[in-house]
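A structural walkthrough
Letter by letter, the chains look like this.
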Amino acid sequence: MKKIKLDIVGLSYSQTQSGAYALVLGEVNGRRRLPIIIGGFEAQAIAIEIEKMTPTRPLTHDLFKSFALSFGINIQEVIIYNLIDGIFYAKLVCSDGKKTMEIDARTSDAIALAVRFECPIHTYEFILSTAGIMIEGNDFVFLENMEGTPADEKVVESSVNYASMSDDELKDKLQQALSEEAYEKAVKIRDELSRRKSS
């Protein structure tokens, strides 16, 4: 299967879920975006490295990097290889120069390590076509209907009752969510609109 390279294009506080963040990965040389809901600690670990901040004591991901490098192990790439029931699955491709191994990891941890090892992040076409968002000009167009919300952990449903809103209200809310980069909220609204079209 052909791999698609991704870059980190955004990290924002979740508008619908307390303590959660939306990590947005973008297709290199493409217009698709892959939003992933992650926890606050993982978001902090990614943000600290992106901003090149130095914590007073090593974070868990910094410790992992120091440990790995001490034994001559390097992470060559991170692959987001599956999406099941709204949960992304990732693996680290590691090498000591002689042997290459793949290690299963939570997607948020894998990306926190990818920024530390400065290694590429890849995924496959079926994941981008299932859970991706296409950017067209200043607008977003959702791709194929997803089975669940893209998430590292299961996302608790929002208390907002989208089923009681009209189509026009939902479309307005969708545009507002996209302009605020509240991707997980936008996915829920999109799913409600898709459900109505199919019924």
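Residues numbered from 1 in each chain as written. Predicted model: local features only at pLDDT ≥ 70, side-chain atom pairs only at ≥ 80, totals over all residues. Heavy atoms only, no water.

An unreviewed UniProt entry annotates the protein chain as Bifunctional nuclease family protein of Arcticibacter tournemirensis.

**A look at the overall build of the protein chain**
Secondary structure assignment for the protein chain yields 6 helices and 9 strands. When burial is assessed residue by residue, the protein chain has 47% of its 199 residues classed as buried. Sequence separation of at least 24 residues holds for 57% of the intrachain contacts in the protein chain that already meet a minimum separation of 6. A total accessible area of about 10,800 Å² is found for the protein chain, and carbon and sulfur atoms account for 50% of it. (Helix = DSSP H or I, 4+ residues; strand = E, 2+ residues; numbered from the N terminus. Buried < 20%, exposed > 50% of the residue type's maximum accessible area, 1.4 Å probe, protein only. Contact = heavy atoms within 4.5 Å. Areas by Shrake-Rupley, 256 points an atom, 1.4 Å probe, with all protein chains shown as cover.)

**Concerning unusual backbone geometry**
Its identity is not glycine, yet aspartate 85 carries a phi of approximately 50°, on the positive side. Take aspartate 85: it is sitting in the loop between strand E4 (74–84) and strand E5 (87–95). Residue class for aspartate 85 comes out exposed when judged on its relative accessible area of 54%. Even without glycine at this site, glutamate 118 takes up a positive phi of about 50°.

**Comments concerning helix H3 (residues 107–117)**
A large share of H3 lies buried, amounting to 10 of its 11 residues. All of the buried residues along H3 are Thr107, Ser108, Ala110, Ile111, Ala112, Leu113, Ala114, Val115, Arg116 and Phe117. Remark: glutamate 118 follows H3 within two positions and exhibits a positive phi of approximately 50°.

**Some remarks on the pairing of strand E1 (residues 3–13)**
Remember that side chains alternate between the two faces of the sheet whenever the strand is regular. In this sheet, strand E7 (residues 121–124) lies alongside E1 in antiparallel orientation, the contact comprising 4 bridges. By the bridge assignment for E7, lysine 3 is matched with tyrosine 124. As judged from the 7 bridges shared by E1 and strand E2 (residues 20–27), these two strands associate in the antiparallel manner. What sits directly across from tyrosine 13, in E2, is tyrosine 21. (Pairing = 2+ DSSP bridges.)

**Considerations on a nonpolar patch on the surface**
A cluster of nonpolar side chains, contributed by Phe67, Phe71 and Ile73, occupies part of the molecular surface with about 330 Å² of accessible area. Within the secondary structure, phenylalanine 67 sits in helix H2 (residues 60–70). Relative accessible area serves as the criterion here: at 54%, phenylalanine 67 is assigned to the exposed category. (Patch = residues over 30% accessible without salt bridge, like charges linked within 9 Å, V, L, I, M, F, W, Y side chains within 5 Å. Salt bridge = Lys/Arg side-chain N within 4 Å of Asp/Glu carboxyl O.)

**Thoughts on the side chain of threonine 123**
The residue threonine 123 is located in strand E7 in this model. Polar contacts involving the side chain of threonine 123 include one to the main-chain carbonyl oxygen of isoleucine 80, which spans 2.9 Å. Apart from residues no more than four positions distant in its own chain, threonine 123 is found in contact with Lys2, Lys3, Ile4, Leu6, Ile80 and Leu128. (Polar contact = N/O pair within 3.5 Å; in protein donor to acceptor, adjacent residues only side chain to side chain.)

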